[in-house]
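One letter stands for each residue in the lines below.
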Amino acid sequence: MNQLSKMKTAGGVALLGGLMIVLSPLAYGLYGGAAFVAYILGLAGLLVAAKAIWWPASYDYLLLVGTGALMIVAAFATGGATLWVHLAGGGAILGAGLWRRLLTEPAGSARTSPS
């Protein structure tokens, strides 16, 4: 049985978060500025997640965390019907970035030790 790596799983979670944000205006029947923001942010999330899956690099966690944080801030800025969908999608991307950071950091490093 072929097992997925944890890095690719984190990228897949981010991919689902971006897809959720791209499809949210279609599900709610929105148009105009809020829909445009959702499409742009969702496509940015999809591109960053796809890059993290197919062309991994050591700085991918920064891209994922930054994109997820931007989506969470934009969720409150646009508000409206898609607020909770944007929060969930942005949280998935942000969480995937933090997960990748924990996976790439060696255990016992001075940056991650409690002392």
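As shown above, the structure is provided for reference.
These lines cover the structure that appears in this document, whether it is placed above or below. Keep in mind that this is a model prediction, so the values were computed, not measured.

Time to look at the overall build of the protein chain. Summing up its helical and strand segments, the protein chain has four helices and zero strands in all. From first element to last, N terminus to C terminus, the protein chain shows the α and β order α-α-α-α. Here the protein chain, with 115 residues, has 37% of them falling under the buried criterion. Within the protein chain, counting contacts between residues at least 6 apart in sequence, those at least 24 apart form 64% of the total. When the accessible surface of the protein chain is split by element, carbon and sulfur atoms take 73% of a total near 6,800 Å².

The next subject is the side chain of Thr 67. Locating Thr 67 in the fold gives a position in helix α3 (residues 60-78). Looking at Thr 67, its side chain comes within polar contact range of the main-chain oxygen of Leu 63, at 2.7 Å. For Thr 67, the contacting residues outside a window of four places in its chain are Ala 44, Gly 45, Val 48 and Ile 93.

Secondary-structure assignment places Lys 51 in helix α2 (residues 33-54). A polar contact is formed between the side chain of Lys 51 and the backbone oxygen of Trp 55, at a distance of 2.7 Å. Of the polar contacts made by the side chain of Lys 51, one reaches the side chain of Asp 60; its length is 3.0 Å. In contact with Lys 51, not counting residues within four places along its chain, are Pro 56, Ala 57, Tyr 59, Asp 60 and Leu 63.

The rules behind the values
- Along each chain, the written sequence defines residue order, and numbers are assigned to residues from 1.
- A pLDDT threshold of at least 70 governs which residues receive local features in this predicted model, and a stricter bar of 80 or more applies before side-chain atom pairs are shown or counted, although totals over entire chains, interfaces and linings include all residues.
- Calculation of side-chain values draws on the structure's entire complement of heavy atoms; hydrogens and water are dropped beforehand.
- By the criteria applied, helices consist of DSSP H or I runs no shorter than four residues and strands consist of E runs no shorter than two, each listed in order from the N terminus.
- Only protein chains enter the area calculation, which uses a 1.4 Å probe; residues under 20% of their type maximum are buried, those over 50% are exposed, and those in between are partly exposed.
- Between two residues, a contact is recorded if the distance between any of their heavy atoms is within 4.5 Å.
- Residue burial considers only the protein chains on display, and all accessible areas are found by Shrake-Rupley using a 1.4 Å probe.
- For this analysis, a polar contact is any N or O atom pair within 3.5 Å, provided that within protein one partner can donate a hydrogen and the other can accept it, and provided that sequence-adjacent residues contribute only side-chain to side-chain pairs.

Read these as geometric descriptors, not functional statements.
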